[in-house]
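# Chains, contacts and geometry: an overview
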Amino acid sequence: MGIVVENVTRQFGSFLAVDNVNLEVPTGSLVALLGPSGSGKSTLLRMIAGLESLDSGHIWLIGEDATYKSVQDRQIGFVFQHYALFKHLTVRQNIAFPLEIRKVPKARIKARVEELLDLIQLRGFGDRYPSQLSGGQRQRVALARALAVQPKILLLDEPFGALDAKVRKELRAGLRKLHEEVHITTVLVTHDQEEAMEVADQIVVMNHGRVEQVGTPAEIYDHPATPFVMSFIGPVNVLPTTAGIVPERDLNPRSNEQVFLRPQDVLIETSSGEDTTPAKVYRIINLGWEIRVELVLKSGETVNAHLSREQFNRLNISEEQRVYVKPKQARVFPVYAMS
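Residues numbered from 1 in each chain as written. Predicted model: local features only at pLDDT ≥ 70, side-chain atom pairs only at ≥ 80, totals over all residues. Heavy atoms only, no water.

## Details of the overall build of the protein
Within the protein, the regular secondary structure consists of 9 helices and 18 strands. Structurally, the protein occupies a C-alpha span of about 75 × 45 × 30 Å along its principal axes. Scored against the burial criterion, the 339 residues of the protein give a buried share of 48%. Within the protein, the 40 negative side-chain charges are centred at a point lying 7 Å from the centre of the 39 positive side-chain charges. (Helix = DSSP H or I, 4+ residues; strand = E, 2+ residues; numbered from the N terminus. Buried < 20%, exposed > 50% of the residue type's maximum accessible area, 1.4 Å probe, protein only. Lys, Arg positive; Asp, Glu negative; His and termini not counted. Charge placed at Lys NZ, Arg CZ, Asp CG, Glu CD.)

Structure below.
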């Protein structure tokens, strides 16, 4: 295993940031730590890097106990959200800096810097200063600098968080392509579900300092282990069982439960059928690539449905129209207080 986190806990005063976490990151994989603010993901990443101490537990890196090793001895590359480039150094000098402090021969430094400029597709930008680059270009330079010393592990703390949506999307694709070329064990911290789904081999969903679920993007999305995971990964309708959208035969009458239903799993029909529930079309939102339909059930609950343009055109529905809905696939969980 590239990284093994064993019974790790970290507390700040009365706040339990990381609560007895166990985690394995396979060698050569790209794993995303995903969760809301305060879930413990950045604290866990900083403990792996050696930037934060542990209250208890152990961290193993590439088969060695690194719990008490210094940052320098862990052979880790770290990329922060805000680049942390030296403003007075050129791109080439920024990338070379970690090699120079290790007293690597100048010829090897020059060759490595040119290799990395090619890798991040910034050849020709080597003599520019950070102020002359876009945010996306600066973050690519930060990534190249982290890779300069050929670390065994790469840690990324919300590296695209300060960038606009278009640039983030471009860099996500670039990160995935880069990972496929270098195959370095990588851990990415993010609160962006789409980012995690797009780039990671595995996603670790965290909440209140604990790991809620570990799995591939498909496993996390299609088979959520907890109501938090289902509510955090992608849009979802959360309804009481009394809404009537799930047949009583599929419910446990002795349990206090909620129905979780993805908008794309809401089927709309124009005539009554088996297991359908009456509803009224409240609002239709045309987003071009999909149509969002807000529905009000007979019980008064609101349900959102996402339709393709083809599905919407076939239904030919309009606002205020009476329709009938049923779930293609719904999950029932014990009542869960969202936070």
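## Notes on a nonpolar patch on the surface
Where nonpolar side chains cluster on the molecular surface, the patch consists of Leu-51, Val-71 and Phe-80 and spans about 210 Å² of accessible area. Within the secondary structure layout, Val-71 lies in the loop between β5 (64-65) and β6 (76-79). Judged by its relative accessible area of 35%, Val-71 is partly exposed. (Patch = residues over 30% accessible without salt bridge, like charges linked within 9 Å, V, L, I, M, F, W, Y side chains within 5 Å. Areas by Shrake-Rupley, 256 points an atom, 1.4 Å probe, with all protein chains shown as cover. Salt bridge = Lys/Arg side-chain N within 4 Å of Asp/Glu carboxyl O.)

## Some thoughts on the packing of helix α2 (residues 91-100) against helix α3 (residues 106-119)
Interaxial distance between α2 and α3 falls to 10 Å at its minimum, and their mutual angle equals 130 degrees. As far as their axial angle goes, α3 and α2 are oblique. Crossing of α2 over α3 shows right-handed handedness. The segment α2 lies against α3, with Val-91, Arg-92, Ile-95, Ala-96, Leu-99 and Glu-100 engaging Ile-109, Arg-112, Val-113, Glu-114, Leu-116 and Leu-117. (Axes fitted to C-alpha atoms, helices over the stretch in contact; angles between N-to-C directions. Parallel < 35°, antiparallel > 145°, perpendicular 65-115°, else oblique. Left-handed = near helix turned anticlockwise from the far one by under 90°. Contact = heavy atoms within 4.5 Å.)

## Section: the sheet that holds strand β4 (residues 56-61)
Read across the sheet, 4 strands follow the order β2-β1-β4-β5 without closing on themselves; strand pairing throughout is antiparallel. Looking along the sheet, the strands with just one partner apiece sit at the ends: β2 (15-25) and β5. With 7 bridges connecting them, strand β1 (residues 3-12) and β2 associate as antiparallel partners. Within β2, the residue paired with Val-8 across the bridge is Val-21. With respect to the sheet, helix α1 (residues 41-49) is in contact with β1, β2 and β4, its orientation differing from that of β1 by roughly 120 degrees. (Pairing = 2+ DSSP bridges.)

## A word on the packing of aromatic side chains
We describe a pair of aromatic rings using the distance from one ring centre to the other and the angle between the two ring planes. Tallied over the entire structure, the rule returns 4 aromatic pairs. Note on Phe-228 and Phe-232: the rings are 5.4 Å apart at their centroids and 15 degrees apart in plane angle, and the pair reads as stacked. Of the two residues, Phe-228 and Phe-232 both sit in helix α8 (residues 227-232), 4 residues apart, roughly one turn of that helix. The ring of Tyr-221 has Arg-262 lying over it, and the distance from NZ or CZ to the ring centre is 4.1 Å. (Phe/Tyr/Trp six-rings, centres within 6.5 Å; stacked < 30°, edge-to-face > 60°. Lys NZ or Arg CZ within 6 Å of the ring centre and 35° of its normal.)

## Digging into the pairing of strand β16 (residues 302-307)
Two strands pair when backbone bridges link them, and strand β15 (residues 291-297) and β16 are joined in this way by 6 bridges, in the antiparallel orientation. When the sheet's bridge partners are listed, Val-296 is paired in β16 with Thr-302. The hairpin turn running from β15 into β16, its antiparallel successor, is 4 residues long, and Gly-300 in that turn takes a positive phi close to 95 degrees.

## Brief notes about the nonpolar core
One finds Ile-95, Val-141, Leu-143 and Leu-154 to be the most contacted residues of the largest nonpolar core, which totals 45 residues. Looking at which element gives the most residues to this core, the answer is helix α4 (residues 135-147), with 6 residues. Leaving out residues up to four positions away in the same chain, Ile-95 has contacts with Val-113, Leu-116, Leu-117, Val-141, Ala-144, Arg-145 and Ala-148. (Core = buried A, V, L, I, M, F, W, Y, C linked by side-chain atoms within 4.5 Å.)

## Some details on the side chain of Arg-145
Looking at the element boundaries, Arg-145 is found in helix α4. There is no salt bridge for the buried Arg-145, and the closest opposite charge comes from Glu-100, which lies 11 Å off by N-O distance. There is a polar contact of 2.8 Å between the side chain of Arg-145 and the backbone oxygen of Ala-84. (Polar contact = N/O pair within 3.5 Å; in protein donor to acceptor, adjacent residues only side chain to side chain.)

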